[in-house]
Amino acid sequence: MDLHTAYPGIADLKLRARRRLPRFVWEYLESGTGAEITLKRNRTALDEVKFLPSILHGPIECDTGIQFLGQDYPLPFGTAPIGMSGLIWPDAEKLLARAAAEAGLPYTLSTVASQSPEDLAPHIGQNAWFQLYPPKDPDIRIDILNRARSAGFSTLVLTVDVPVASRRERQVRSGLTNPPRLTPQLLAQIALCPTWAIGMARNGMPRMRTLDKYIDGQSALPPTAHVGYLLRTSPDMDYVKWLRDAWDGPFVVKGVMRADDAERLQQTGVDAIWVSNHGGRQFDGAPASIEMLPQLRAATNLPLIFDSGIEGGLDVLRALALGADFVMLGRGFLYGLSALGAPGPAHVIDILRQDMAANMGQLGLPNLQNITSVIRKVDAAMQRV
Ligand code: FNR
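Undergrad: Is there a simple way to think about the side chain of Thr 111 in this case?
TA: Inspection of the secondary structure puts Thr 111 in the loop between β4 (107-110) and α7 (117-120). By relative accessible area, which is 0% here, Thr 111 ends up buried. At 2.6 Å, the side chain of Thr 111 forms a polar contact with the backbone oxygen of Gln 131. A polar contact is formed between the side chain of Thr 111 and the backbone nitrogen of Tyr 133, at a distance of 2.9 Å.

Undergrad: Help me understand the site of the ligand, please; the structure alone is not making it clear to me.
TA: Around the ligand, a shell composed of 22 residues is seen, among which Pro 81, Ser 110, Thr 159, Asp 307 and Gly 309 lie nearest. Contact distances for the ligand include 2.9 Å between a nitrogen atom and a backbone N or O atom of Gly 83. A distance of 2.6 Å separates an oxygen atom of the ligand from a polar side-chain atom of Asp 307. Bound to the protein, the ligand loses 97% of the 600 Å² it would expose on its own.

Undergrad: I keep staring at the packing of aromatic side chains and nothing clicks. Help me out?
TA: Any two aromatic rings considered together are summarised by their centre-to-centre distance and by the angle between their planes. One pass over the full model with this rule turns up eight aromatic pairs. When the centroid spacing of 6.0 Å and the interplanar angle of 90° are considered together, the rings of Phe 24 and Trp 196 count as edge-to-face. With Phe 24 in helix α3 (residues 23-30) and Trp 196 in helix α11 (residues 194-203), this pair connects stretches of sequence that are 172 residues apart. On the basis of relative accessible area, Trp 196 is assigned to the buried category, the value being 4%. Through pairs of rings, three or more aromatic residues link up here, namely Phe 68, Tyr 73, Trp 129, Trp 274 and Phe 326.

Undergrad: Any chance you could explain the packing of helix α6 (residues 92-103) against helix α16 (residues 331-340) here in plain terms?
TA: When two helices pack together, their arrangement is given by the angle between their axes and by how far apart the axes lie. Running from N to C, α6 and α16 cross one another at 110°; their axes reach a closest spacing of 11 Å. Of the possible angle classes, the one that applies to α6 and α16 is roughly perpendicular. Side by side, α6 and α16 meet where Ala 92, Leu 95 and Leu 96 of the first sit next to Phe 333, Leu 334 and Leu 337 of the second. Residues that form the contact of α6 with α16 fall into these classes: six nonpolar, no polar and no charged.

Undergrad: Honestly, helix α8 (residues 138-151) in this entry has me stumped. Any pointers?
TA: Residue pairs spaced three or four apart in an α-helix point in one direction, given the helix's 3.6 residues per turn. Here α8 contains 14 residues, and its C-alpha end-to-end distance of 20 Å stays within 8% of the 20 Å for a straight helix at 1.5 Å per residue. Ile 140, Arg 141, Ile 144, Leu 145, Arg 147, Ala 148 and Ala 151 are the residues of α8 that are buried. Looking straight down α8, one finds its buried side chains confined to an arc of 160°; they lie on one side. Residues Asp 139 and Ser 150 are exposed on α8 and point more than 90 degrees away from its buried face. Lining the buried residues of α8 we find α7, β5 (128-132), β6 (155-159) and α12 (237-246). The backbone nitrogen of Asp 139 lies 2.8 Å from a side-chain oxygen of the residue at the head of α8, namely Asp 137.

Undergrad: It is not clear to me how the pairing of strand β10 (residues 326-329) should be interpreted in this structure. Could you clarify?
TA: One face of the sheet, then the other: side chains in a regular strand alternate in exactly this way. Of the two faces of β10, the one carrying Phe 326 and Met 328 and the one carrying Val 327 and Leu 329 are both buried. Bridge analysis of strand β3 (residues 77-79) against β10 gives three bridges, and the strand direction is parallel. Within the sheet, the bridge partner assigned to Gly 78 lies in β10 and is Met 328. Here strand β9 (residues 304-306) pairs with β10 via two bridges, running parallel.

Undergrad: Please clarify how helix α4 (residues 37-47) should be interpreted in this entry.
TA: All of the buried residues along α4 are Thr 38, Leu 39, Asn 42, Ala 45 and Leu 46. Viewed end-on, α4 has its buried residues packed into an arc of 135°, placing them on one side of the element. Against the buried residues of α4 lie α3, α14 (289-299), α15 (313-321) and α16.

Undergrad: In this structure, what is going on with the layout of surface pockets? I would like to understand it.
TA: In this approach the atoms are scanned with a rolling probe the size of a water molecule, which exposes any empty space left behind. Within this model, the second largest pocket holds a volume of roughly 340 Å³. As for the second largest pocket, its lining consists of 18 residues, of which Val 160, Gly 255, Val 256, Asp 261 and Arg 264 are closest to the centre. Counting only elements with at least two residues in the lining of the second largest pocket, the list comes to α12, β7 (251-256) and α13 (259-267).

Undergrad: What exactly am I supposed to notice about unusual backbone geometry here?
TA: Negative phi is the rule for most residues except glycine; trans is the rule for most peptide bonds. The phi torsion at Leu 56 lies on the positive side, around 60°, for a residue other than glycine. By the element assignment, Leu 56 lies in the loop between α4 and β1 (66-68). Residue class for Leu 56 comes out exposed when judged on its relative accessible area of 83%. Backbone geometry places Ser 308, a non-glycine residue, at a positive phi of 115°. Inspection of the secondary structure assignment puts Ser 308 in the loop between β9 and α15.

Undergrad: Just checking my understanding: could you explain the environment of Trp 247 for this structure?
TA: Tracing the chain through its elements places Trp 247 in the loop between α12 and β7. A C-alpha to C-alpha distance of 9.1 Å links Trp 247 and Asn 146, two positions 101 residues apart in sequence. When sequence neighbours within four positions are dropped, the list of residues in contact with Trp 247 reads Leu 145, Ala 148, Arg 149, Phe 153, Ser 154, Thr 155 and Leu 156. At 3.5 Å, the side chain of Trp 247 and the backbone oxygen of Ser 154 are in polar contact.

About the thresholds
- Residues numbered from 1 in each chain as written.
- Predicted model: local features only at pLDDT ≥ 70, side-chain atom pairs only at ≥ 80, totals over all residues.
- Heavy atoms only, no water.
- Helix = DSSP H or I, 4+ residues; strand = E, 2+ residues; numbered from the N terminus.
- Buried < 20%, exposed > 50% of the residue type's maximum accessible area, 1.4 Å probe, protein only.
- Polar contact = N/O pair within 3.5 Å; in protein donor to acceptor, adjacent residues only side chain to side chain.
- Near = heavy atom within 4 Å.
- Areas by Shrake-Rupley, 256 points an atom, 1.4 Å probe, with all protein chains shown as cover.
- Phe/Tyr/Trp six-rings, centres within 6.5 Å; stacked < 30°, edge-to-face > 60°.
- Axes fitted to C-alpha atoms, helices over the stretch in contact; angles between N-to-C directions.
- Parallel < 35°, antiparallel > 145°, perpendicular 65-115°, else oblique.
- Contact = heavy atoms within 4.5 Å.
- Nonpolar A, V, L, I, M, F, W, Y, C, P; charged D, E, K, R; others polar.
- Expected span 1.5 Å × (residues − 1).
- Arc of directions from axis to C-beta.
- Pairing = 2+ DSSP bridges.
- 1 Å grid on protein atoms, 1.4 Å probe; cavity = no way out; pocket = protein on both sides within 12 Å on 5 of 7 lines; lining within 4 Å.
- Points joined across faces, edges and corners; volume = space filled by probe spheres on them.

Any functional reading would require information beyond the geometric quantities listed.
What follows is the structure, given as structure tokens:
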């Protein structure tokens with residue numbers, strides 16, 4: 001059956017994903033922090049971004065291509081880093097990386113993914129990005145950068161919005177521990193999801209493979225220390241400057257919500273800023289990322305990447321119109337993968353592509369070049385109404 005008939009939107013994939021994942025896995029993927037106000041706000045604030053349709057343009061062929069950080073992309077979006085994605089779906093990292101490479105789009109591998117840069121090297125294209133949770137130990141830091149570079153990752157992303165671990169109450173209620181332990185509660189949930197269970201049985205319990213070598217006694221870690229000890233150092237501007245000098249490719253800082261931080265970061269020589277509230281997973285008192293985007297756009301002329309709550313092509317256009325140069329999705333791609341397995345991520349890309357083209361037609365936009373002016377026209381026209 002045609003996938004577009006069975007699953008016309010990301011909402012359909014989300015429904016099916018929920019049915020196919022054990023509860024603790026679904027809760028890991030879906031949960032925000034606290035009462036999940038910021039998570040919900042990401043959605044409601046996106047819905048508030050309005051355009052006025054524009055008529056009488058004759059036939060429109062929509063070109064969804066874009067240039068970003070010196071690369072041509074057929075579409076203006078890619079895959080955000082998801083830690084332990086191999087727990088969400090077996091072989092998630094390889095399947096997501098392959099789908100992105102086939103579509104010519106970027107895929108971002110997390111430091112705490114369940115596969116390492118070396119595992120992924122045969123599966124990535126020209127646009128693989130590596131996301132770093134800042135290790136404390138400078139030797140480990142240098143080693144991870146070298147590994148990412150040798151495996152073919154071109155762009156480095158430093159995530160800065162996890163100065164401390166966040167509290168996710170939904171996740172705790174579901175019985176998920178860190179590292180995951182197979183309790184009777186979890187086994188009962190797994191028994192209801194045979195496809196997931198068979199895939200996991202084949203692959204074994206996922207772990208953070210990038211960090212394996214540092215916990216095998218080769219690092220200065222005390223033997224009792226948990227692997228998370230290597231992470232969670234709270235970076236400062238000196239750390240950013242150090243990384244800027246250590247990485248010779250494009251360097252992005254992820255998790256920026258304030259204009260003054262964007263200004264400070266611009267002075268360190270970063271190549272792009274990733275506007276994000278981590279999909280509402282870190283701090284429940286934050287505005288929606290989309291609410292902050294115009295201020296960040298005004299504060300810096302650096303390229304801006306945007307994520308948090310994107311669920312369709314119209315959302316992608318909303319972010320671009322408010323000043324983003326590129327857009328990322330986290331959960332959206334995992335819904336596709338968990339719903340459909342290997343063909344899922346490509347279907348997500350196709351849904352977004354079709355939705356973008358349909359909405360660009362409504363706006364009389366043949367390409368994405370002047371999209372920011374569309375929103376300014378709306379503001380002016382709405383004031384006249
Ligand atoms: C994340 N995110 C994340 N970010 C990061 O820099 N490193 C990581 O390891 C992770 N891990 C992670 C796990 C899960 C399950 C989720 C849902 C998210 C945040 C992610 O990269 C991105 O910022 C958000 O997911 C964007 O919001 P949406 O698209 O999920 O709404």
